[in-house]
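Residue-level listing of the chains:
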Amino acid sequence: MVILSILILNKAGGLIYQRHFNEGLNKLSSNDYLVLAGTFHGVHAITSRISPVPGSGGLEVLESDQFRVQCFQTLTGTKLLIFAEPHQPNIDVICRRVYELYADYVMKNPFYQIEMPIRCEQFDRQLVAYIKPKQ
Amino acid sequence: MSSTKAARIGEEVWKTRIDKVNAELVTLTYGSIVAQLCKDFEGDYMEVNKQLDKMGYNIGLRLIEDFLAKTNTGRCANFRETAETISKIGFKVFLNITPTVTNWTSDNKQFSLIFDENPLADFVELPDDGRAQNELWYSNILCGVLRGALEMVQMQVDAHFASDVLRGNDTTEMRVTLIRMIDDELPPGDD
């Protein structure tokens, strides 16, 4: 299984974390990642409004021939975007685990400022240790 | 979610997914924080209450993510469900206690948590200076934690202690009031 990239968006749609794990996606400039995050945030809000299902949580999966994007939105409004290969199994398990790592190594770091970009080495290490051996 | 289901989830998560620490370590650490605040603010207990609430608030803002990640609970359908979740899952997994939810107002926006046990206050006797007994809410950090955590899931609440056995009251009671749902930040429902 291959996880290509992980993005984390704060509740305002700002990009607070981005990391590549494997080749397979074109790299963007850091500015373009911010635009991508903001655009996704807007599209997500629109999908939840136009969905025929009442109380819809909005866009969850986006599939293409080359990759799929899974959006995991927490109850606090933070979004985890996981870019993976098209037929990646068990992606919700991966989402939950990444969320746990975020809760532990980002939110519990007393010097991390909430809603700000994540620069936590421990989080990086734990994330790589979780994602890499799976491949 | 029913009360029994919440109790079952709380028990399950507490047993399988929570790292335990020595209770005395928690009690003594918290005690030294409160004592230090009392010293720093020269016995201005109102200010100490305020500082404890603020510290709790900052903890709550962060702790909520851990709570959601570990317990995997969905959004509560109403405030009654929120109360049960706080008591049976929240307090259970973090402090291994389940305060009783009671004294609802008829509009379902206010309830009390009655603490039969309170690990923060083990071994504690309030200073005998004639004021602490009337002014200090020793466990006030818990009010802040609830306020911060609920704010992150779009509920603005007021939480304060109404009585405390440390003050010689019969029970330790926290009063929680829903002020409003923070709608503008409400991410769309997730069910």
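Definitions and cut-offs
Counting restarts for each chain: residues are numbered from 1 in the order of the written sequence. For naming, the first written chain is A and the first written ligand is 1, with later ones following in the order written. This being a predicted model, a pLDDT of at least 70 is required before a residue's local features are given, and a value of 80 or more before pairs of side-chain atoms are given or counted; all residues contribute to the totals for chains, interfaces and linings. Values reported for side chains reflect all heavy atoms of the structure, with hydrogen atoms and water molecules removed beforehand. Helix numbers and strand numbers start at the N terminus; a helix is a DSSP run of H or I with at least 4 residues, a strand a run of E with at least 2. For the radius of gyration, the atoms used are the C-alpha atoms, and the globule rule reads 2.2 Å times the number of residues raised to 0.38. Here, two residues are considered to be in contact whenever any of their heavy atoms come within 4.5 Å of each other. Shrake-Rupley sampling with a 1.4 Å probe provides the accessible areas, and residues are treated as covered by the protein chains on show and by no other component. All tallies of charge rest on Lys and Arg as positive and Asp and Glu as negative; His and the ends of each chain are not included. Throughout, a charge is located at the NZ atom of Lys, the CZ atom of Arg, the CG atom of Asp or the CD atom of Glu. Buried residues are those whose accessible area, probed at 1.4 Å on protein chains only, stays under 20% of the maximum for their type, while exposed residues exceed 50% and partly exposed ones sit between those limits. The quantity reported as buried area is the accessible area (1.4 Å probe) lost by two parts once they are put together, taken as the sum for both. Salt bridge, as used here: a side-chain nitrogen of Lys or Arg that lies within 4 Å of a carboxyl oxygen of Asp or Glu. Here, any two strands with at least 2 DSSP bridges between them count as paired. With axes taken as lines fitted to C-alpha atoms, and helix axes fitted only over the stretch in contact, angles between N-to-C directions fall between 0 and 180 degrees. Buried Ala, Val, Leu, Ile, Met, Phe, Trp, Tyr and Cys residues that are joined via side-chain atoms within 4.5 Å together make up what is termed a nonpolar core. Arc definition: directions from the helix axis to the C-beta atoms. Patches here: salt-bridge-free residues with over 30% relative accessible area, like charges joined within 9 Å, nonpolar side chains (Val, Leu, Ile, Met, Phe, Trp, Tyr) joined within 5 Å.

**Student:** Would you mind showing me how to read the overall build of chain B here?
**Tutor:** When helices and strands are counted, chain B shows 6 helices and 4 strands. Listing the helices and strands of chain B from first to last along the sequence gives α-α-α-α-β-β-α-α-β-β. Rg of the C-alpha trace for chain B: 17 Å, near the compact-globule value of 16 Å for 191 residues, within the 12% margin. The dimensions of chain B, computed from C-alpha atoms along their principal axes, are 55 × 35 × 30 Å. A fraction of 62% describes how many contacts in chain B between residues 6 or more apart in sequence connect residues 24 or more apart. Approximately 9,600 Å² of chain B is accessible, and the part contributed by carbon and sulfur atoms is 50%. Between the centroid of the 20 positive side chains of chain B and the centroid of its 31 negative side chains there is a distance of 5 Å.

**Student:** Could you clarify how one ought to interpret the side chain of B:Thr177 in this entry?
**Tutor:** All names here are of chain B. Summarising the element assignment, Thr177 is placed in strand β4 (residues 172–181). What makes Thr177 buried here is its relative accessible area of 17%. Ignoring any residue separated from it by four or fewer positions in sequence, one finds Thr177 in contact with Lys109, Gln110, Gln156, Val157 and Asp158.

**Student:** Where do I start with the interface of chain B and chain A in this structure?
**Tutor:** Accessible area lost upon the coming together of the parts is a frequently used measure of interface size. Facing the 22 residues of chain B at the interface are 26 residues of chain A. In this assembly, chain B packs against chain A so that about 1,900 Å² is buried in total across both faces, 53% of it on carbon and sulfur atoms. Counting across the chain B and chain A interface gives 2 salt bridges. The salt bridge partner of A:Glu100 is B:Arg17, with a shortest N-O separation of 2.4 Å.

**Student:** Whenever I open this one, the sheet that holds strand β1 (residues 3–9) of chain A confuses me. Can you help?
**Tutor:** Adjacent strands of a sheet form backbone hydrogen bonds with each other and so pair up, either parallel or antiparallel. Residue and element names in this part refer to chain A. One open sheet accounts for 5 strands, arranged β2-β1-β5-β4-β3; its pairing is antiparallel. Whereas interior strands pair on both sides, the edge strands pair on one side only; in this sheet they are β2 (15–20) and β3 (61–63). Mean inter-strand twist for the sheet, computed between neighbouring axes without regard to direction, equals 10°. One ladder, built from 6 bridges, connects strand β4 (residues 68–73) with strand β5 (residues 79–84); its direction is antiparallel. Bridge assignment links Cys71 to a residue of β5, and that residue is Leu81.

**Student:** Explanation requested: the environment of B:Ala83 in the structure shown.
**Tutor:** Residues and elements named next belong to chain B. Among the secondary structure elements, Ala83 is positioned in helix α4 (residues 79–95). Residue class for Ala83 comes out buried when judged on its relative accessible area of 0%. Between the C-alpha atom of Ala83 and that of Thr102, which follows or precedes it by 19 residues, the distance is 9.4 Å. Excluding its chain neighbours within four sequence positions, the residues that come into contact with Ala83 are Val101, Trp104 and Phe111.

**Student:** In this structure, what is going on with the nonpolar core? I would like to understand it.
**Tutor:** Side chains of nonpolar character tend, in soluble globular proteins, to be buried together. The biggest cluster of nonpolar side chains holds 80 residues, and the ones touching the most others in it are A:Ile118, A:Phe123, B:Leu113, B:Tyr138, B:Met174 and B:Val176. With 10 residues, the single largest contributor to this core is helix α2 (residues 91–107) of chain A. Among all residues touching B:Tyr138, those that are not within four sequence positions of it are B:Tyr30, B:Gly31, B:Val34, B:Leu52, B:Leu120, B:Ala121, B:Val124, B:Leu126, B:Asp164 and B:Leu166. Membership of the second largest hydrophobic core comes to 14 residues, among which are A:Leu4, A:Ala37, A:Leu59 and A:Leu81.

**Student:** Teacher, can you tell me more about helix α3 (residues 121–131) of chain A here?
**Tutor:** All names here are of chain A. Buried within α3 are the following residues: Phe123, Leu127, Tyr130 and Ile131. When α3 is viewed along its axis, its buried side chains cluster within an angular range of 90° and face the same direction. Looking at the buried side of α3, the elements it contacts are β1, β2 and α2.

**Student:** Any chance you could explain a negative patch on the surface here in plain terms?
**Tutor:** Together, B:Glu24, B:Asp116, B:Glu117 and B:Asp122 make up a negatively charged patch on the protein surface. With respect to the helices, strands and loops of the structure, B:Asp116 is situated in the loop between β2 (110–115) and α5 (132–135).

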